[in-house]
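# Examining the three-dimensional arrangement
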Amino acid sequence: MAKRLHYGTTAKLLHWVIVALLAVQYPIGWLMPDIHRGQSPGAAMTFHISFGIVILLLIVLRFIWRLTHPVAPESSLPPWQRLGSEVVHWMLYVLVLATTVSGWLFASFRGWAVSFFYIMPLPMLASDNAAAGKAIDGLHQAAEWSLLVLIGAHIAAALAHLLVFRSRVMQRMLPG
Ligand code: HEM
Ligand code: HEM
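Described in the following lines is the structure provided in the data block. Since the structure is predicted, the reported quantities are computational estimates derived from the model, not experimental observations.

Attention now moves to the coordination of the iron atom of ligand 2. Around the iron atom of ligand 2, the protein contributes the donor atoms His15 (NE2) and His154 (NE2), at 2.0 Å from the metal centre. Here the iron atom of ligand 2 binds six donor atoms, and the angle range of 88 to 179° at the metal identifies the geometry as octahedral. You can see histidine 15 sitting in helix H1 (residues 9-31) and its partner histidine 154 sitting in helix H4 (residues 130-163), a full 139 residues away along the chain. What makes histidine 15 buried here is its relative accessible area of 11%.

The next thing to look at is the packing of helix H3 (residues 79-109) against H4. Running from N to C, H3 and H4 point in directions that differ by 150°, and their axes come no closer than 8 Å. Comparing their axes, H4 and H3 come out roughly antiparallel. The two elements H3 and H4 meet at a crossing, and its hand is left-handed. Grouping the amino acids of the contact of H3 with H4 by side-chain chemistry returns 17 nonpolar, ten polar and two charged.

Here we come to the site of ligand 1. Taken together, the neighbourhood of ligand 1 is formed by 22 residues, with His48, Phe106, Asp137, His140 and Glu144 sitting nearest. The contact in question runs from a nitrogen atom of ligand 1 to an N or O atom on the side chain of histidine 140, over 2.8 Å. In this structure the site holding ligand 1 corresponds to the second largest pocket. Secondary-structure elements contributing two or more residues to the shell around ligand 1 are H1, helix H2 (43-68), H3 and H4. Here the shell around ligand 1 is composed, by residue class, of eleven nonpolar, nine polar and two charged.

Let us now look at the layout of surface pockets. Considering only enclosed or pocket space, the largest pocket measures out at about 1,200 Å³ in volume. For the largest pocket, the lining is made up of 50 residues, of which His15, His89, Leu92, His154 and Met173 are closest to its centre. Sorting the residues of the lining of the largest pocket by element identifies H1, H2, H3, H4 and helix H5 (169-173) as the ones contributing at least two each. It is H1 that provides the largest number of residues to the lining of the largest pocket, a total of eleven residues. Of the residues assigned to the lining of the largest pocket, the class counts are 32 nonpolar, twelve polar and six charged. For the second largest pocket, the calculated volume is near 890 Å³. Listed by contribution, the elements that provide at least two residues to the lining of the second largest pocket are H1, H2, H3 and H4.

The rules behind the values
- Residues numbered from 1 in each chain as written.
- Chains lettered and ligands numbered in written order.
- Predicted model: local features only at pLDDT ≥ 70, side-chain atom pairs only at ≥ 80, totals over all residues.
- Heavy atoms only, no water.
- Donors = N, O, S within 2.8 Å, 3.2 Å for Na, K, Ca; no water.
- Tetrahedral: all angles 85-135°; square planar, octahedral: opposite > 155°, others 65-115°.
- Helix = DSSP H or I, 4+ residues; strand = E, 2+ residues; numbered from the N terminus.
- Buried < 20%, exposed > 50% of the residue type's maximum accessible area, 1.4 Å probe, protein only.
- Axes fitted to C-alpha atoms, helices over the stretch in contact; angles between N-to-C directions.
- Parallel < 35°, antiparallel > 145°, perpendicular 65-115°, else oblique.
- Left-handed = near helix turned anticlockwise from the far one by under 90°.
- Nonpolar A, V, L, I, M, F, W, Y, C, P; charged D, E, K, R; others polar.
- Near = heavy atom within 4 Å.
- Polar contact = N/O pair within 3.5 Å; in protein donor to acceptor, adjacent residues only side chain to side chain.
- 1 Å grid on protein atoms, 1.4 Å probe; cavity = no way out; pocket = protein on both sides within 12 Å on 5 of 7 lines; lining within 4 Å.
- Sits in = over half its atoms within 2 Å of the grid points.
- Points joined across faces, edges and corners; volume = space filled by probe spheres on them.

As structure tokens, this is what we get:
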């Protein structure tokens, strides 16, 4: 399949909607109260899980879009930057997927009944399992922190291209 030279409107829209959702998701995750054995999840956890499911659906959609609409790296970049950006981009997809799926598994192993934005019950991936829940909790935290570090590197690279290298990389993801 011939690679496009530019991101289209759909790719840009999906990129920025997911950025906005992640900017909401991290603070909810950090601020929401812990839920102890015997307690049922409150509003903050319901919203964390619901936003998380939306992020999961969008990243899957976006990944499929990316595979069917490949975009070539900016041609003016040296080979190491082209390779580096491709590696970071694929890892961003993988880590968003790992964070959302581990979160869903964690909620499932806790045996919670959670709704999707109070609209409908959310199907769970597994049944109550305390030992598996403990293990997957660590995975969700490892995934969420690795994702944050990689996002930091990604934003630093975008800013470096804008301010230091003065290349057109930032413009590629902006409207127009
Ligand atoms: C990319 C999306 C997501 C991000 C960035 C994220 C981030 C976070 C953060 C920052 C925390 C706080 C944990 C800590 O103290 O370090 C957390 C906890 C949690 N998240 Fe997520 N999350 C995401 C998706 C999900 C999804 C999809 C679900 C479930 C369907 C979920 C379920 C949970 C649960 C159950 C906890 C509580 C874990 C605990 O008590 O340690 N998360 N998440
Ligand atoms: C303020 C924050 C952000 C800025 C300024 C930014 C900027 C950019 C830019 C300029 C590109 C195009 C790079 C190129 O053409 O080589 C891009 C691509 C990308 N960004 Fe971001 N980004 C931000 C946040 C995020 C976040 C939070 C994620 C996490 C999922 C993310 C995931 C991606 C991915 C996966 C690509 C590659 C798109 C593809 O080729 O499929 N970005 N970003």
